[in-house]
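Listed below, chain by chain, are the residues.
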Amino acid sequence: MSNAVLTYAIDKEYIVAEVTKKLKRVIGVNLSDASKEDVYKALSLTIRDIIMERWVDANEQVWKSGSKRLYYLSAEFLMGRALVNNMINLHLESEYKEALGELGLSLSDIEEQEADPGLGNGGLGRLAACFLDSLSTLSLPATGCCIRYEHGLFRQRIEDGEQREDDDNWLEEGNVWEIEQPDETVEVRYGGRIDEVWTETGLRVEHSGYTAVLAVPYDMPVIGYESAMPSTLRMWSARAKTELDMDSFNRGDYVAAASASALVESISQVLYPEDNHEQGRLLRLKQFYFFVSASMKHMVDMHKLHYEDLHTLPEHYTIQINDTHPTLAIPELIRILIDDEEMQWDEAFEIVSQMFSYTNHTIMREALERWNEDMLKSLLPRVYRIITEIDKKFRDSVWAQWPGDVARMDDMAIIGGGEIRMANLCIAVCNRVNGVSKLHGEIIRTRTFRDFYILYPDKFIGITNGVTHRRWLAKSNEGLTALLASRIGEGFLRDRSEFERIRDFISDEGFLDEFAEIKCANKRRFAEHLSRAHGIEVNPESAFDVQAKRLHEYKRQLLKIMHVLHLYNEIKDVRAAGGDPVTGDARIVPSTFIFAAKAAPGYYMAKEIIRLILSVGELVNNDPDTKDILKVVFIENYSVSEAEILIPATDMSEQLSTAGLEASGTGNMKFMMNGALTIGTMDGANVEIVDAVGDDNIFIFGANAYEIERMGRDGSYDAYHIYDSDMRVRRIIDSFTSGLLPVKNGKQFNDLANALLSGGGGHADQYFLLHDFASYADVYSRMTALYAGDSPSVGEGSVSIPPSREWTRRAAINMASAGRFFADRTIEEYNSLVWHMREVRPGE
C-alpha cells in the first residue's frame with residue numbers, strides 16, 4: 001500500500017538525485033563537500049517530503065469526512081530516532097541503503113548523526129510514541145500533544161563512581177523532522193484577577209492583569225507502517241509576547257531587557273525541572289498548563305473553522321489523558337467553552353465529560369499527583385474556580401451515595417487538605433478510566449480507587465500496554481525480522497494476526513539454528529558497540545543478563561546487584577576451597593550483568609543504588625577470582641538508540657519490581673519479543689506474559705501482590721529476622737559498610753543498609769527485597785541451569801557456556817508469543833472500548 005499512494009517511482013537513482021538537490025538547495029553544499037551531518041539532513045528531507053504529502057492529504061480527508069480525531073495528551077513522547085524507522089514504515093529501507101552505497105556511505109554511519117529527541121524519560125513516553133506509530137498504521141486520525149522541550153531530562157555522566165547530570169541540548173543541530181506553524185500560535189495566560197460582570201448575554205467572567213505567553217506549535221508527522229494516515233506530534237514552544245524590553249535595552253540594561261523573555265521561555269526549556277523546591281514545582285505547573293491550554297484552544301479553533309457548532313465537539317474529538325500531568329485540560333476546556341464561547345455550565349460540562357478519558361499509571365495513592373491549592377489558585381485563578389465547582393458537584397454525588405460519611409467524602413474529594421488531587425479530578429469527569437495491565441486494572445478497582453469504582457463501576461476498564469514491533473523488532477533486530485519474513489512473509493509488520501503463524505516453526509530444528517545464530521550475532525554487535533561507544537570490553541559468549549529501566553527503589557535494581565554480590569561471594573568461597581565455580585557444584589554461568597538506568601537528580605537513594613552498582617562492578621571486574629566469570633556493566637546515558645542495540649542481544653530479562661507496584665512495564669515486552677527469557681515477579685504485564693508463554697517458559701519468584709499487601713497491612717514482615725537467619729543476606733548487607741567495596745572519599749553504603757534493616761523513617765525494607773531474596777536466588781539458579789543444560793563445551797577453566805538447545809527453544813516460544821503485546825492490539829482495544837473512531841484511508 002505504501003508505494004501505491006505515490007505518483008512516482010522511488011529507486012536508488014531517484015534518491016541520489018533528490019539527496020544531491022537537497023544538499024545544494026537547502027544545505028548549500030555539493031555532495032563532494034558534504035559532511036555526514038549534511039547528508040543526514042538531506043536524506044531526512046527526502047523522506048520528510050514523502051511523509052508530508054501523505055500528511056497533508058490525510059488531514060484534508062479527515063476534515064472533509066468529519067471523522068473523529070484523537071488528541072493524546074502526554075507530558076512525554078520518547079520518540080527515538082526517526083530516520084531508519086521512517087524508511088522501514090515507508091517500505092523503502094532497501095532503496096535508501098542502495099542509494100547510500102552508490103554514494104559510498106553506510107546507513108548506520110548516517111543514522112548516528114541523528115540525536116535522540118529529548119521529549120521523554122521512560123516508559124510513559126515510549127508508550128505514547130508507540131501509540132502514534134500504531135494509530136497511523138491502523139489509519140486512525142491522531143494528534144499527540146506535548147511541550148517542545150529544548151533540553152531533555154539530562155545527559156547522564158558517570159564520574160568518580162557517581163551519576164552526574166549534564167545538559168541534553170538535543171536541538172543543538174535543529175530537528176529536520178519538525179515544521180513550525182507560526183500561524184497557529186495561541187496565547188496562554190497566567191495569574192491576574194477574575195471579575196464577574198453582567199453583559200447582555202448574562203453573567204460573564206473577565207480576566208485582567210494576567211501574564212500572557214505565546215504558544216508556538218511545531219508539528220512532526222509520524223508515519224505508521226505502509227500508512228497513508230500519518231499521526232501528528234504537536235509540540236508547543238513558549239515565547240514572550242515581547243521578546244525585548246526596548247526601554248531597558250536603550251538604557252543599557254541589557255540583562256533586564258531580555259530577562260522577561262528568558263523567564264517565559266523557561267516553560268519549554270527542560271523536561272521535568274527538579275521539583276524539590278517551590279520554584280521548580282511552580283515551573284512544572286506552568287509547563288503542564290501551558291501545553292494543555294494551547295492544545296485545547298487549538299482544537300476548539302480547528303473545530304470552529306471546519307464544523308462551526310461547538311456542541312458537536314464530542315462527535316469529532318476524543319481526548320486521552322496519559323497519566324495525570326495533562327489533567328488541567330479538563331477545567332481548561334470547560335473554561336474555554338464558558339468564558340470564550342459563552343456556553344452555560346451544564347452544557348459545557350456535558351460536552352467535556354463525553355470527550356475525556358484517563359489512563360492511570362500509578363498504583364500507590366501516595367504517589368498520585370497533587371498540587372498545592374494556594375499555588376494553583378494564584379497561578380490559574382479562573383481554572384481554580386472551575387475546579388472548585390467540579391469539586392462541589394462531585395462531593396454532592398459522593399454524599400448522595402454515602403449520606404453522612406464525611407470521612408469518605410473528604411478522602412474522595414478533588415480538593416482537600418490544601419491540595420488539588422489530579423487523579424480524583426480525572427475520575428470525577430472522565431467517561432473512562434483505565435489501568436494498563438490486567439493486574440493493574442484489578443488493583444485500581446479494588447484498592448487504589450475502590451470507592452470511586454463503587455460510585456462509577458462502568459467507568460473502569462483494563463487495557464494492557466503494548467509496544468510497536470516495527471521499531472522494537474523490524475528496526476532493532478534486522479536478522480530476526482528477516483528470519484520471520486522468510487517463514488511467514490512480511491505481512492506481520494502490518495497485520496499482527498499474521499505473527500501467530502510463527503508458532504508453527506518453534507520446534508523446527510533449522511529455524512532454531514538460525515534463531516540461535518541471530519542471537520549470537522546480536523550479542524557480538526552489542527559488544528562491539530560497547531567497546532566503540534563506551535570503551536567497555538565484554539565477552540559476547542557470556543550470558544547477557546540485563547536490567548534496563550528508570551531507577552526507582554520499587555523496581556529493585558538493588559535486589560539484582562545484591563545477588564551479584566552473592567555470586568561473587570560464592571565464587572570466592574569455591575576458589576578458597578580449591579574448586580572451580582563454573583564446572584563444580586556451584587555451576588555458575590559466566591555472565592555479563594548489564595544495568596542501564598537514570599536516577600532523577602534529586603532522588604538520593606536512587607543515586608546511591610547507582611553508586612553501589614558501580615562499586616560492585618569495580619570489585620567484581622578486577623578481582624582475579626571473578627573477572628573472567630562475572631562482569632558488571634553500567635551503560636551511561638541509556639537512550640532509545642542504546643536500547644535498540646541492547647535488547648536484541650539480551651539473554652535474560654530482569655523484571656524485579658515489588659509485586660503490586662508496577663502498573664505494567666513495557667521493557668518486559670520488548671525483551672521477550674527479541675527472544676529473552678524473563679525472570680520476574682507476578683507484577684504488571686508479567687502476569688500476562690505468564691499466560692502467553694506458559695509457566696515453564698518464564699521464571700517467576702517472590703511474593704505476589706496480595707501477599708505484599710497483607711504484609712504491609714498487618715505489619716507481619718520482619719526484615720531484620722531475615723538478616724539474622726540467612727547468612728547470605730547478612731554477608732551482603734555487611735559488605736555495604738565493611739570496606740570490601742571500593743568507594744571514593746571513604747563513603748560507604750550505610751544509608752542503603754539502614755533502609756533495608758531499620759527503614760530510615762519508614763518501615764524496614766519497604767520494597768521487600770530481603771523477603772524475596774531467597775526465592776530470587778533459587779529461581780535464578782534454575783534459570784542458569786536451563787541456560788547451561790548439559791553443554792559439552794563446559795570444561796576445566798571454561799569462561800563461556802553456550803545456551804542449551806532447550807533454552808533456545810523456550811526463547812523462541814517467548815518471541816512467538818509476543819503478538820498479544822504489540823501496540824496495534826492495544827490501540828484496537830482503546831478504539832473499541834473508549835474512542836470509537838473509524839479508519840480513514842485517503843485514496844481509497
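It should be noted that the structure appears before, not after, this text.
Everything numeric here is computed off the predicted structure, so don't read it as measured data.

Here we come to the sheet that holds strand E22 (residues 677-680). An order of E20-E19-E18-E21-E22-E23 is seen for the six strands of this open sheet, with the pairing classed as parallel. Here the strands that pair on one side only, and so sit at the sheet edges, are strand E20 (630-635) and strand E23 (699-700). By the bridge criterion, six bridges tie strand E18 (residues 543-548) to strand E19 (residues 591-596) in an arrangement that is parallel. Considered in E19, the bridge of Asp-545 is made with Phe-593. The sheet strands contacting helix H32 (residues 805-816) are strand E21 (652-655), E22 and E23, and the helix crosses E22 at an angle near 85 degrees.

With respect to the helices and strands, Val-564 occurs in helix H22 (residues 557-576). For Val-564 and Val-620, which are 56 residues apart along the polypeptide, the C-alpha to C-alpha distance reads 8.7 Å. Setting aside residues no more than four positions away along its own chain, Val-564 makes contact with Phe-593, Val-616, Val-620, Leu-630 and Val-632.

Take the side chain of Arg-54 next. Along the chain, the position of Arg-54 falls in helix H2 (residues 36-65). Of the buried charged residues, Arg-54 lacks a salt bridge, with Glu-53 as the closest side chain of opposite charge at 7.2 Å.

Before going further, it helps to spend a moment on unusual backbone geometry. At Asp-160, a position not held by glycine, the phi torsion is positive, near 55 degrees. Checked against the element boundaries, Asp-160 lands in the loop between strand E3 (155-159) and strand E4 (162-166). Note on Asp-160: relative accessible area 47%, which makes it partly exposed. With phi around 70 degrees, Glu-308 is a residue other than glycine that occupies positive phi space. Mapped onto the secondary structure, Glu-308 falls in the loop between helix H9 (278-306) and helix H10 (313-316). On the accessibility criterion, Glu-308 (65% relative accessible area) is exposed.

We now examine the pattern of salt bridges. Considering all chains together, one arrives at 67 salt bridges under this definition. With a closest N to O distance of 2.7 Å, Lys-475 and Glu-111 form a salt bridge. Of this pair, Lys-475 sits in helix H19 (residues 469-475) while Glu-111 is found in helix H5 (residues 107-111), placing the two residues 364 residues apart along the sequence. The exposure class of Glu-111 is buried, given its relative accessible area of 12%. The residue Glu-500 makes a salt bridge to Arg-503 at a minimum N-O spacing of 3.6 Å. A relative accessible area of 38% means that Glu-500 is categorised as partly exposed.

Turning to the packing of aromatic side chains, a few remarks are in order. This model, assessed by the stated rule, comprises 24 aromatic pairs. Considering the side-chain rings of Trp-63 and Tyr-307, the 6.1 Å spacing of their centres and the 55 degrees angle between planes classify their relative orientation as tilted. Linking Trp-63 in helix H2 with Tyr-307 in the loop between H9 and H10, this pair joins segments that are 244 residues apart in sequence. Given a relative accessible area of 16%, Tyr-307 falls into the buried group. Measuring from centroid to centroid gives 6.2 Å for Phe-288 and Trp-371, while their planes differ by 70 degrees, and the two rings are edge-to-face. With Phe-288 in helix H9 and Trp-371 in strand E13 (residues 370-372), this residue pair connects regions lying 83 residues apart in the sequence. Through a chain of ring-to-ring contacts, three or more aromatic side chains come together here, namely Tyr-72, Phe-77, Phe-131, Tyr-830 and Trp-835. The lysine or arginine in question, Arg-408, covers the ring of Trp-402, its NZ or CZ lying 4.3 Å from the ring centre. When the ring centre of Phe-544 is taken as reference, the NZ or CZ atom of Lys-523 above it lies at 4.9 Å.

Unoccupied space between atoms shows up once a probe the size of one water molecule is rolled over them. According to the stated counting rule, one finds four cavities of 30 Å³ or more in the structure shown. By volume, the largest cavity amounts to about 200 Å³. For the largest cavity, the lining is made up of 19 residues, of which Met-79, Asn-85, Asn-86, Val-222 and Arg-471 are closest to its centre. Broken down by secondary-structure element, the contributors of at least two residues to the lining of the largest cavity are helix H3 (83-89), helix H6 (123-137) and strand E9 (211-222). By residue number, the principal contributor to the lining of the largest cavity is H6, which donates four residues. Empty space within the second largest cavity amounts to approximately 70 Å³. By residue class, the composition of the lining of the second largest cavity is two nonpolar, seven polar and three charged.

Bringing the sheet that holds strand E15 (residues 419-421) into the picture now. Each strand in a sheet pairs with its neighbour through backbone hydrogen bonds, running either in the same direction (parallel) or in the opposite one (antiparallel). The sheet built from three strands is open, its strands ordered E13-E15-E14 with antiparallel pairing. Sheet topology places E13 and strand E14 (415-416) at the edges, where each strand pairs with a single neighbour. In this structure, E14 lies alongside E15, joined through two bridges in antiparallel fashion. Looking at E15, one finds that Ile-415 is bridged to Ile-420. Contacting E13 and E15, helix H16 (residues 422-429) crosses the sheet at an angle of about 45 degrees to E15.

Under the 1.5 Å per step criterion, the end-to-end length of helix H33 (residues 823-835) is only 16 Å for 13 residues, more than 12% shorter than the ideal 18 Å. Within the sequence span of H33, burial applies to Ala-823, Asp-824, Arg-825, Thr-826, Ile-827, Tyr-830, Asn-831, Val-834 and Trp-835. One or two steps after H33, the chain reaches His-836, where phi turns positive at roughly 60 degrees.

Take the state of the cysteines next. Throughout the structure, instances matching the rule amount to zero disulfides. Looking at Cys-146, it has no disulfide partner, and the nearest cysteine sulfur is the one in Cys-145, 7.9 Å off. For the unlinked cysteine Cys-426, the closest cysteine sulfur is that of Cys-430, found at 4.8 Å. We classify Cys-426 as buried; its relative accessible area is 0%.

Looking along a regular strand, one sees side chains alternate from face to face of the sheet. With ten of twelve residues buried, E9 is to be regarded as a mostly interior element. Bridge count for strand E6 (residues 186-190) against E9 is five bridges, and the pairing is antiparallel. Its bridge partner lying in E9, Tyr-190 is registered against Thr-211. Relative to strand E10 (residues 231-240), E9 runs antiparallel, the two sharing ten bridges. Pairing of Pro-221 across the sheet is with Thr-232, part of E10.

A few words on the nonpolar core. Grouped together as the largest cluster of nonpolar side chains are 281 residues, with contacts concentrated most on Phe-290, Phe-356 and Phe-736. Tallying contributions element by element places H9 first for this core, with 13 residues. Apart from the residues within four sequence positions on either side, Phe-356 is in contact with Met-296, Ile-319, Ile-321, Ala-329, Ile-330, Leu-333, Cys-430, Asn-431 and Arg-432.

Below, the discussion takes up the layout of surface pockets. As a volume, the second largest pocket reaches approximately 400 Å³. Forming the boundary of the second largest pocket are 18 residues, of which Met-364, Glu-366, Arg-447, Leu-661 and Ile-708 lie nearest the centre. The set of elements that each furnish at least two residues to the lining of the second largest pocket consists of helix H17 (438-448) and helix H27 (705-714). For the lining of the second largest pocket, the element with the most residues is H27, which contributes five residues. Split by residue class, the lining of the second largest pocket holds eight nonpolar, five polar and five charged.

What describes two packed helices is the angle between their axes and the distance between those same axes. Two elements in contact, helix H23 (residues 604-622) and helix H30 (residues 750-757), have axes whose closest approach is 9 Å; the angle formed by their N-to-C orientations is 115 degrees. With respect to their mutual orientation, H23 and H30 come out roughly perpendicular. Taken as a pair, H23 and H30 cross one another with a handedness that is left-handed. In this structure, H23 uses Tyr-604, Met-605, Glu-608, Ile-609 and Leu-612 to contact H30, whose residues at the interface are Asp-751, Leu-752 and Ala-755. Here the contact of H23 with H30 is built from residues that sort into six nonpolar, no polar and two charged.

Conventions used here
- Residues numbered from 1 in each chain as written.
- Predicted model: local features only at pLDDT ≥ 70, side-chain atom pairs only at ≥ 80, totals over all residues.
- Heavy atoms only, no water.
- Pairing = 2+ DSSP bridges.
- Helix = DSSP H or I, 4+ residues; strand = E, 2+ residues; numbered from the N terminus.
- Contact = heavy atoms within 4.5 Å.
- Axes fitted to C-alpha atoms, helices over the stretch in contact; angles between N-to-C directions.
- Buried < 20%, exposed > 50% of the residue type's maximum accessible area, 1.4 Å probe, protein only.
- Lys, Arg positive; Asp, Glu negative; His and termini not counted.
- Salt bridge = Lys/Arg side-chain N within 4 Å of Asp/Glu carboxyl O.
- Phe/Tyr/Trp six-rings, centres within 6.5 Å; stacked < 30°, edge-to-face > 60°.
- Lys NZ or Arg CZ within 6 Å of the ring centre and 35° of its normal.
- 1 Å grid on protein atoms, 1.4 Å probe; cavity = no way out; pocket = protein on both sides within 12 Å on 5 of 7 lines; lining within 4 Å.
- Points joined across faces, edges and corners; volume = space filled by probe spheres on them.
- Nonpolar A, V, L, I, M, F, W, Y, C, P; charged D, E, K, R; others polar.
- Expected span 1.5 Å × (residues − 1).
- Disulfide = S-S within 2.5 Å.
- Core = buried A, V, L, I, M, F, W, Y, C linked by side-chain atoms within 4.5 Å.
- Parallel < 35°, antiparallel > 145°, perpendicular 65-115°, else oblique.
- Left-handed = near helix turned anticlockwise from the far one by under 90°.

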